[in-house]
Every structure is written in structure tokens, then in C-alpha cells.
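Results of the structural survey
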Amino acid sequence: MRSQITLGVGVTQIHGTVAPGFEPVRDAFATNFSTGGDIGAAVTVYRRGEKIVDLWGGVADVETGREWSQDTLQLVFSTTKGVTATVAHLLAQRGVLDLDAPVAKYWPEFAAEGKQDIPVRWLLSHQAGLAVPPERFPLSWLREWDPIVEMLAAQAPNWEPGTAHGYHGLTYGWLVGEVIRRATGRTIGAVLAEEVARPLGLDLWIGLPEEQEPRVAKIIEPDPMPEPAPGQELPPEIAKMQAIFSDLNSMTMRALIVTTEPIPANSRDLRAAEVPAVGAVGTADSFAKLYASTVGEVDGLRLLTPETVDRARTVQTSGPDQLLQVPSAWALGYISGQPAPGVAPTTALLGPDSFGHSGYGGSVAFGDVHHEIGFAYVMNKIHSGPTGEGANSARLVDALRSSLAA
């Protein structure tokens, strides 16, 4: 039985429930506020279909002082990619989508510029070579969809598809989303709502309805990166990454900044648009429950079969990433906990049986097959930098790991 919690951390109030034995997760969540810089956040954990941790606290909107509540919604940036992947795998499981078929089978226009043989699976594993659009496009296109996918269909690959991988930071969502639209006749937001969120009772959207806007926590931009002390040299790999991220015309930044105007993190336009790489909005409970339903039954419903999950979480490619400039590994739409040659184990997941995705600023959601875990952590304060972005989620995952081992 979960115990009810109301805990003061300085001026922050933490609320929720924790099952016996999982108090370390509660303590780690409190530490995220006391020393980790969190302003408003939530963490939820399911185990074997039962909710064992459900915590929230802090402030959802610093301008109005609105407190974070159990049903507060949060935009999660790239944690969205795991949601999009789950929809694709559900359709593949039902025979609606063939991951080994050419993309052009569903989307004939995609065959332009020699792309006729690219299989659907390469869109999910970041191997399609379409991470960088040919040019930046107007912000208004986010709400229109068609101009973006028409441009991607017509372009030549950035590198020879299948020979390398590179993080498709934004284009991932439109590429996978358009295949889903062609295969089903519905947008990914509609498929998510009708085939996943409604049966599972999730507060989770790609394309947020306007009536849900008052529940959304407002993003708090990251603090400026501290300047190195006089005479202090940055480690070479960090100095290299800083140079790349400061050059708006680098291949990396052209993949991450695709619009001519900045995309405001707190804009209604972003939340309303279906942006299947970075635009999901939901509660921590919903993201955790989604993954819980991929590794076991929740409320009598299991979304993905064990065979589908094993295929989805198997590493497809590893090594140098054309965009991230560091070694990475990709499963079919997910970050995988499976070991990969030359790639450091991720701290975002529980272990080798985990799969999921993290997002800009530190959010993460994943499933774990061995422990039958669904986990999600969301927050409104963006943490950045080589040691900041994943620190709070890693603290929670470490606490969960120690609780499971006790």
C-alpha cells in the first residue's frame, strides 16, 4: 500500500504517494528541489501494472505562482520521440505498418532524389540521412504540416542512407508521422488519442486541445552557462561541442534549429501543432503508464507484445553520430539500455533491459522489461550543460535501482 506524503523542502511542498521500500525515490525527488534546481516537477513509477511512486511538487507557473498539481501537464521535448515510436510499433504489431518496407510504399513522393529504397526502420533509427532540411522554414509551417513533409520528400539525403546514423532532432517526427498518416489516413495525434491515450486513460497529447491549456506548466529557460575561470581550459570534447552549438550554420544546429524564427517553448502554437519529435504534452503519470503498458498489463490492457518490445528495443546502429558529435546508439525509435560497442552506457535508463527517450532539459520516460517498470520524470526548469541536463533524472533512476535491489 502506498503511503500519502506531504513534505516540505524549503519553501517547496512535495505531495503524492510512495510504496514501502521506494522511499529513496522520494528522497531523491526532494534533493532535486533542494540542490538540483527543480522549480516544478513530477515523477511516477509503475511496477507490474501497479503505481508505486506518484510524486509532484513546486510551482507550475512562476509568474502566477500556480502550484504544480497531480494533473499538471508538461511539454517534454524529445521525450516525445519515444511516444511516436510506440505508436509506430503498435501499428507494425497490427500489420498496418511494415518496418522493413520502403518508405515510398506508403509515401510515393518520398522516392525522389534516390530515396526509393530507404526502409521505414531507418527513419526510426536515425539512419535515413534526412536530419537537416534543405533550408529553414517559417514558424507558421508547424501548424500546416504539408509544406514540411513535401520539402523532406523532395530533398536529397545529407549522407548515404544506411551507412551512418545522426540524430534527427526535429525531422524524425515529421518523417515517422507522415508514414503513419499515409498508412492509416490519420495524423499521429489522432492515432495516439484514439488507439493509445483513450484506451489507457492517459492525459497525453501530440497536438494539445485548447481547453487543456490552463493545466500546462510553463517552461523556465536554462541559466547561462558559466564562463571558464581565467586560464582554465575546457576538456577538448566539451570545447568542440560548444563550438559546434555556437555556430548556427553547423550541420548540428541546422538539424536542431529548423525554423527561421525561434520556436517559443511556451507558445500555444507549439503545443497545438503536431510536432511528433518534440511536441508531446502530458502528465508524468501518463508517460509512465504508457511505458508500463508496453512491458506488462495495466488495468487489464497491454499495448505491445513481448516480441514487439524485443524488436523495438534492439540496438540497430552505434558509433559516431553525424549530428551529436559523440558516439551514440539507437534502437527503433528509442534509446536502449543494451550495450553497444564504443558507446558509454546511458544514465537515463535503469539497465540493459530498459528502453525509452529523454528530452531537452532533463525529462525522461522509459520501460524496463526485466522489472516490468514504467517510469517518467517531467519538469519545467530546463537544466543544461554536460553535467546538468540529466543529473536530476539520473538521481531518481539511481534511487529506483537501489530500491529494486534492496
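Above: the structure in question.
Presented here is a report on the structure given in the accompanying data block. Computed from a prediction, not measured in an experiment: that's the story for all the values here.

Moving on: the overall build of the protein. Counting secondary structure elements, the protein contains 13 helices and 14 strands. The C-alpha atoms of the protein give 20 Å as radius of gyration, which agrees with the globular expectation for 406 residues (22 Å, within 12%). With respect to the three principal axes, the spread of C-alpha positions in the protein is 60 × 60 × 45 Å. Sequence separation of 24 or more characterises 67% of the internal contacts of the protein that already satisfy a separation of 6 or more. The centroid of the 30 positive side-chain charges in the protein is displaced by 4 Å from the centroid of its 46 negative side-chain charges.

So, on to the side chain of Arg271. Tracing the sequence through the fold places Arg271 in helix H10 (residues 268–272). With relative accessibility at 4%, the residue Arg271 sits in the buried group. Side-chain polar atoms of Arg271 contact the side chain of Glu213, separated by 2.7 Å. A polar atom in the side chain of Arg271 sits 3.3 Å from the backbone oxygen of Asn266.

This part covers the nonpolar core. Core analysis: the largest hydrophobic core is formed by 126 residues, its most contacted members being Val53, Trp174, Val196, Phe287, Phe375 and Leu400. For Phe287, the contacting residues outside a window of four places in its chain are Gln74, Val76, Val83, Leu204, Ala280, Val281, Gly282, Ala365, Ala376 and Val378.

At a minimum axis distance of 11 Å, the contact between helix H2 (residues 80–93) and helix H11 (residues 284–295) shows a crossing angle of 35°. The chirality of how H2 crosses H11 is left-handed. Where H2 approaches H11, its residues Gly82, Val83 and Thr86 are matched on the opposing element by Phe287, Leu290, Tyr291 and Thr294. Here the residues of the contact of H2 with H11 are counted per class, giving 4 nonpolar, 3 polar and no charged.

Between its first and last C-alpha, helix H6 (residues 171–184) extends 20 Å over 14 residues, near the 20 Å set by a 1.5 Å rise per residue. Most of H6 sits out of view: 10 of its 14 residues are buried. Within H6, burial applies to Thr171, Tyr172, Gly173, Trp174, Leu175, Val176, Gly177, Glu178, Val179 and Ile180. Elements in contact with the buried residues of H6: H2, helix H3 (103–106), helix H4 (120–124), helix H5 (146–154) and helix H7 (188–200). Downstream of H6 by a residue or two, Gly185 has a phi angle that is positive, lying close to 80°.

Read across the open sheet, the 3 strands follow the order S6-S8-S7; overall the sheet is antiparallel. A strand with exactly one partner marks an edge of an open sheet, and here the two such strands are strand S6 (74–75) and strand S7 (204–206). Taken together, the 3 bridges between S7 and strand S8 (residues 280–282) define a ladder with antiparallel strand orientation. Counted as the bridge partner of Ile206 is Ala280 from S8.

Glancing now at H5. If you check which residues of H5 are buried, you get Pro147, Ile148, Val149, Met151, Leu152 and Ala153. Buried positions along H5 lie against H6.

Peptide bonds are, in most cases, trans, and in most cases residues other than glycine have a negative phi. The phi angle at Asp299 is positive, at roughly 50°, despite the residue not being glycine. Summarising the element assignment, Asp299 is placed in the loop between H11 and helix H12 (306–313). Accessibility expressed as a relative area gives 65% for Asp299, which makes it exposed. Of note, Gln325 is a non-glycine position whose phi angle comes to about 70°, a positive value. In this fold, Gln325 is placed in the loop between strand S9 (317–320) and strand S10 (327–330). Judged by relative accessible area, which is 30%, Gln325 ranks as partly exposed.

Further remarks concern the pairing of strand S12 (residues 354–358). Burial analysis of S12 places 4 of its 5 residues in the buried class, the great majority of the element. One ladder, built from 2 bridges, connects strand S11 (residues 335–336) with S12; its direction is antiparallel. Residue pairing in the sheet places Ser336 in a bridge with Phe355 of S12. Direction of pairing for S12 relative to strand S13 (residues 364–368): antiparallel, over a ladder of 5 bridges. For His357, the partnering residue across the bridge sits in S13 and is Ala365.

It is worth spelling out the environment of Met253 at this point. With respect to the element layout, Met253 can be found in helix H9 (residues 251–256). Look at Met253 and you get buried, because its relative accessible area is 9%. Once the C-alpha coordinates of Met253 and Gly169 are considered, the two residues, 84 residues apart in sequence, prove to be 9.7 Å apart. Apart from residues lying up to four places away in sequence, Met253 is in contact with Arg136, Ile244, Phe245, Asp247 and Leu248.

The rules we used
Residues numbered from 1 in each chain as written. Predicted model: local features only at pLDDT ≥ 70, side-chain atom pairs only at ≥ 80, totals over all residues. Heavy atoms only, no water. Helix = DSSP H or I, 4+ residues; strand = E, 2+ residues; numbered from the N terminus. Rg over C-alpha atoms; globule rule 2.2 N^0.38 Å. Contact = heavy atoms within 4.5 Å. Lys, Arg positive; Asp, Glu negative; His and termini not counted. Charge placed at Lys NZ, Arg CZ, Asp CG, Glu CD. Buried < 20%, exposed > 50% of the residue type's maximum accessible area, 1.4 Å probe, protein only. Polar contact = N/O pair within 3.5 Å; in protein donor to acceptor, adjacent residues only side chain to side chain. Core = buried A, V, L, I, M, F, W, Y, C linked by side-chain atoms within 4.5 Å. Axes fitted to C-alpha atoms, helices over the stretch in contact; angles between N-to-C directions. Left-handed = near helix turned anticlockwise from the far one by under 90°. Nonpolar A, V, L, I, M, F, W, Y, C, P; charged D, E, K, R; others polar. Expected span 1.5 Å × (residues − 1). Pairing = 2+ DSSP bridges.

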